[in-house]
Amino acid sequence: MFFFFLMTSQASALGAGDRAPDFAAPTLDGAGRVELSDYRGKVVYLDFWASWCAPCLKAIPEIEEIRSELPADAFQVVAVNLDQKKKKALRFLEKHPIGYPSASDPKGRLPEQFGLETMPTSYLIDAEGVIRYVHPGFKKGDGSKLRHEIRALLEK
Amino acid sequence: MRRILTIAAAAAILITLGGCTVVKPWERDLLARRDMAFESDTLEAAREAHIYFSKEASMPGGSGGGGGCGCN
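In this text the structure is predicted, and so the values were computed from the model without any measurement.

Student: In this structure, what is going on with the overall build of chain B? I would like to understand it.
Tutor: Of regular secondary structure, chain B possesses two helices and zero strands. Taking all 72 residues of chain B together, 4% fall into the buried category.

Student: Got a minute to help me understand the overall build of chain A in this structure?
Tutor: A count of helical and extended segments in chain A gives five helices and seven strands. Counted from the first residue to the last, chain A has its helices and strands arranged as α-β-β-β-α-β-α-β-α-β-β-α. Since a compact globule built from 156 residues should have a radius of gyration of about 15 Å, the 15 Å found for chain A is in line with a globular shape. By its C-alpha atoms, chain A is 50 × 35 × 30 Å across when sized along the principal axes. When burial is assessed residue by residue, chain A has 30% of its 156 residues classed as buried. Sequence-distant contacts, at least 24 apart, represent 72% of the contacts inside chain A between residues at least 6 apart.

Student: Looking at this structure, I do not really get helix α2 (residues 54–69) of chain A. What am I missing?
Tutor: Because each turn of an α-helix spans 3.6 residues, side chains separated by three or four positions in sequence point in the same direction. Residues and elements named next belong to chain A. End to end, α2 covers 24 Å across 16 residues, agreeing with the expected 22 Å (1.5 Å per residue, within 8%). Maximal helix bending in α2 amounts to about 25 degrees, located at Ile60; proline Pro61 follows within four positions. For α2, the set of buried residues is Cys56, Ala59, Ile60 and Ile63. Looking at the buried residues of α2, the elements they touch are β3 (43–49) and β4 (75–81).

Student: Mind showing me how you'd approach the pairing of β4(A) here?
Tutor: Regular strands show a simple pattern: their side chains alternate between the two faces of the sheet. Residues and elements named next belong to chain A. The element β4 is largely enclosed, with a buried count of seven among its seven residues. Neither face of β4 is left uncovered, since the one carrying Phe75, Val77, Ala79 and Asn81 and the one carrying Gln76, Val78 and Val80 both have all their residues buried. Here β3 pairs with β4 via seven bridges, running parallel. From the neighbouring strand, Trp49 faces β4, where its bridge partner is Asn81. As for the winding sense of the linkage, the β-α-β connection from β3 through α2 to β4 is right-handed. Where β4 meets strand β5 (residues 102–104), three bridges bridge the pair, whose relative direction is parallel. Bridge pairing links Val80 to Ala103 in β5. A crossover connection joins β4 to the parallel β5 through helix α3 (residues 87–95); in handedness this β-α-β unit is right-handed.

Student: Teacher, can you tell me more about the nonpolar core here?
Tutor: Nonpolar side chains in soluble globular proteins tend to be buried together. Counting residues in each nonpolar core, the largest one holds 32 residues, and the members touching the most others are A:Tyr45, A:Trp49, A:Ala50, A:Cys56, A:Val78, A:Tyr123 and A:Ile125. Mapped onto this core, the elements with two or more residues apiece are β3, α2, β4 and β6 (121–125) of chain A. Among the elements that make up this core, the one with the highest residue count is β3(A) (six residues). What A:Ala50 contacts, discounting residues up to four positions off in sequence, is A:Cys56, A:Asn81, A:Leu82, A:Asp83, A:Met119, B:Trp26 and B:Asp29.

Student: It is not clear to me how the sheet that holds β5(A) should be interpreted in this structure. Could you clarify?
Tutor: Within a sheet, neighbouring strands are paired by backbone hydrogen bonds and run either parallel or antiparallel to one another. All names here are of chain A. Taking strand neighbours across the sheet as the criterion, the five strands line up as β5-β4-β3-β6-β7 in an open arrangement whose pairing is mixed. Edge positions in the sheet fall to β5 and β7 (131–136), since each of these pairs with one other strand and no more. Looking at each pair of strands side by side, their axes are set apart by 20 degrees on average, direction ignored.

Student: What is the right way to look at helix α2 (residues 42–55) of chain B in this model?
Tutor: Along its 14 residues, α2(B) runs 20 Å from first to last C-alpha, staying within 8% of the 20 Å computed at 1.5 Å per residue. Along α2(B), only one of the 14 residues are buried, which leaves the element largely exposed.

Student: Sorry if this is basic, but what is going on with the interface of chain A and chain B here?
Tutor: Residue-level contacts link 16 residues of chain A with eleven residues of chain B. Here the side of chain A that touches chain B gets three residues from one element, more than from any other, and that element is helix α1 (residues 2–8) of chain A. Within the side of chain A that touches chain B, the residues separate by chemical class into ten nonpolar, four polar and two charged.

Conventions we followed
- Residues numbered from 1 in each chain as written.
- Chains lettered and ligands numbered in written order.
- Predicted model: local features only at pLDDT ≥ 70, side-chain atom pairs only at ≥ 80, totals over all residues.
- Helix = DSSP H or I, 4+ residues; strand = E, 2+ residues; numbered from the N terminus.
- Buried ≥ 20, exposed ≤ 12 C-beta atoms within 10 Å, placed from the backbone.
- Rg over C-alpha atoms; globule rule 2.2 N^0.38 Å.
- Contact = placed C-beta atoms within 7 Å.
- Expected span 1.5 Å × (residues − 1).
- Bend = angle between axes of the 7 residues up to and from the residue.
- Pairing = 2+ DSSP bridges.
- Right-handed = clockwise from strand over helix to strand, strands pointing away.
- Core = buried A, V, L, I, M, F, W, Y, C linked by C-beta atoms within 7 Å.
- Axes fitted to C-alpha atoms, helices over the stretch in contact; angles between N-to-C directions.
- Nonpolar A, V, L, I, M, F, W, Y, C, P; charged D, E, K, R; others polar.

Rendered as structure tokens:
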């Protein structure tokens, strides 16, 4: 029973149709703040990542490529880094620079709110702030699937 | 005496269960480190497993029957 309680004590995972919780968090470099509501009116791709998570690191260059292909006035990528120590994440970004903001949430409050079930997980959020697509994990070939989902939402 | 022992055992179990937790996906920072792996060298571990199930005539891995030739 104790273990059953442990297993069920996690917050329920947000999915398509749920409203994305608004958040504000400091940027990874500590120089600014990232606020989800700032991008209301745009399609937002929200990516949770960490430097110790190999598929997350594989996804980042692909996400950056997608971002550069799409119009900046209609599409925005927002990342949330979950490293407890930022050093490794910053080192990774030095080698693979990104053109989108990455918040830092070392205490994991945001994944708790979203009910993250795996790493990485990304959420495609429409202009009204409603989650339209959830992408758990990242493997070879997922980039084209993401492109398809994002383009379909942009065309709506 | 027996009752005291039962209570003590129950208390010990309850106290140790307090240390149990579910590691959330974003909390695997330290667990993802190479030195936290059960096997430090995956290739070496696979080789050892192969020798084990070849010698023990078990397939696949450490469980199940058959094999023994080491050719699988």
